[in-house]
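Below, each chain spelled out in residue letters.
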Amino acid sequence: MSKIAIIGATGRAGSQLLEEALRRGHSVTAIARDTSKIGARAGVVNKNVDVLNAAALQDAVAGHDVVISAAHFATVPASALIGPVKQAGVKRLLVVGGAGSLLLPDGTRVIDSAGFPAEYKAEASAGAAFLEALRQEKELDWTFLSPSALFFEGERTGKFRVGKDDLLVSAEGQSSITFADYAIALIDEVETPKHSRQRFTVGY
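Residues numbered from 1 in each chain as written. Predicted model: local features only at pLDDT ≥ 70, side-chain atom pairs only at ≥ 80, totals over all residues. Heavy atoms only, no water.

- As annotated in an unreviewed UniProt entry, the protein chain is NAD(P)-dependent oxidoreductase from Pseudomonas glycinae.

Next comes the structure, spelled out in structure tokens:
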């Protein structure tokens, strides 16, 4: 069993990652600005941390086997995480990615397509920049898992496909994954690493 630190553990993706990790018997440190809504849980240590405070973040993640970041890219850039994680001596960083940097059949990115929603552009652009920063990283063993285009609350089915850099689309033309099924894929990667220093994606 691993000691996992989850940054952004109170968010929609982070909370599902917390549940999936606990379901499998891992010990979790939940990191967020305010962890009060998690409450007292067996196997969970709650730490209220401003992730942009490098010293506080370094202290919070020290001693863990892996750090998972489910923080928003627009507010927490790669530079805010990579340094403190390395300084803490943690070797692995897994990141809840975005779909914007995935590729369409013509080789262009989802974020650059004509119909990409303007309200998601800033976060998606920051996510693409985060991925590029990771790709320049020489020391950390990182993994960036992009969800499908539609990332939503829904059931945990355990049935999904895994891809690499291309947007996954179902036979019905949908690109989607629930937070619960996404969490299965990411905790699978924690337990059985298959995408070291790579991005991959999941979808139905």
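**Quick look at the environment of proline 77**
Argument step 1. In this fold, proline 77 is placed in the loop between strand E4 (66-69) and helix H3 (78-87).
Argument step 2. Judged by relative accessible area, which is 37%, proline 77 ranks as partly exposed.
Argument step 3. Put simply, proline 77 and phenylalanine 130 are 53 residues apart on the chain and 6.4 Å apart in space, counted from C-alpha to C-alpha.
Argument step 4. Among all residues touching proline 77, those that are not within four sequence positions of it are Leu52 and Phe130. (Helix = DSSP H or I, 4+ residues; strand = E, 2+ residues; numbered from the N terminus. Buried < 20%, exposed > 50% of the residue type's maximum accessible area, 1.4 Å probe, protein only. Contact = heavy atoms within 4.5 Å.)

**Thoughts on the pairing of strand E6 (residues 141-146)**
Argument step 1. Most of E6 sits inside the fold, with five of its six residues counted as buried.
Argument step 2. Two strands pair when backbone bridges link them, and strand E5 (residues 92-96) and E6 are joined in this way by five bridges, in the parallel orientation. When the sheet's bridge partners are listed, valine 96 is paired in E6 with leucine 145.
Argument step 3. A crossover connection joins E5 to the parallel E6 through helix H4 (residues 121-135); in handedness this β-α-β unit is right-handed.
Argument step 4. Pairing of E6 with strand E10 (residues 198-203) involves four bridges; the strand directions are parallel. (Pairing = 2+ DSSP bridges. Right-handed = clockwise from strand over helix to strand, strands pointing away.)

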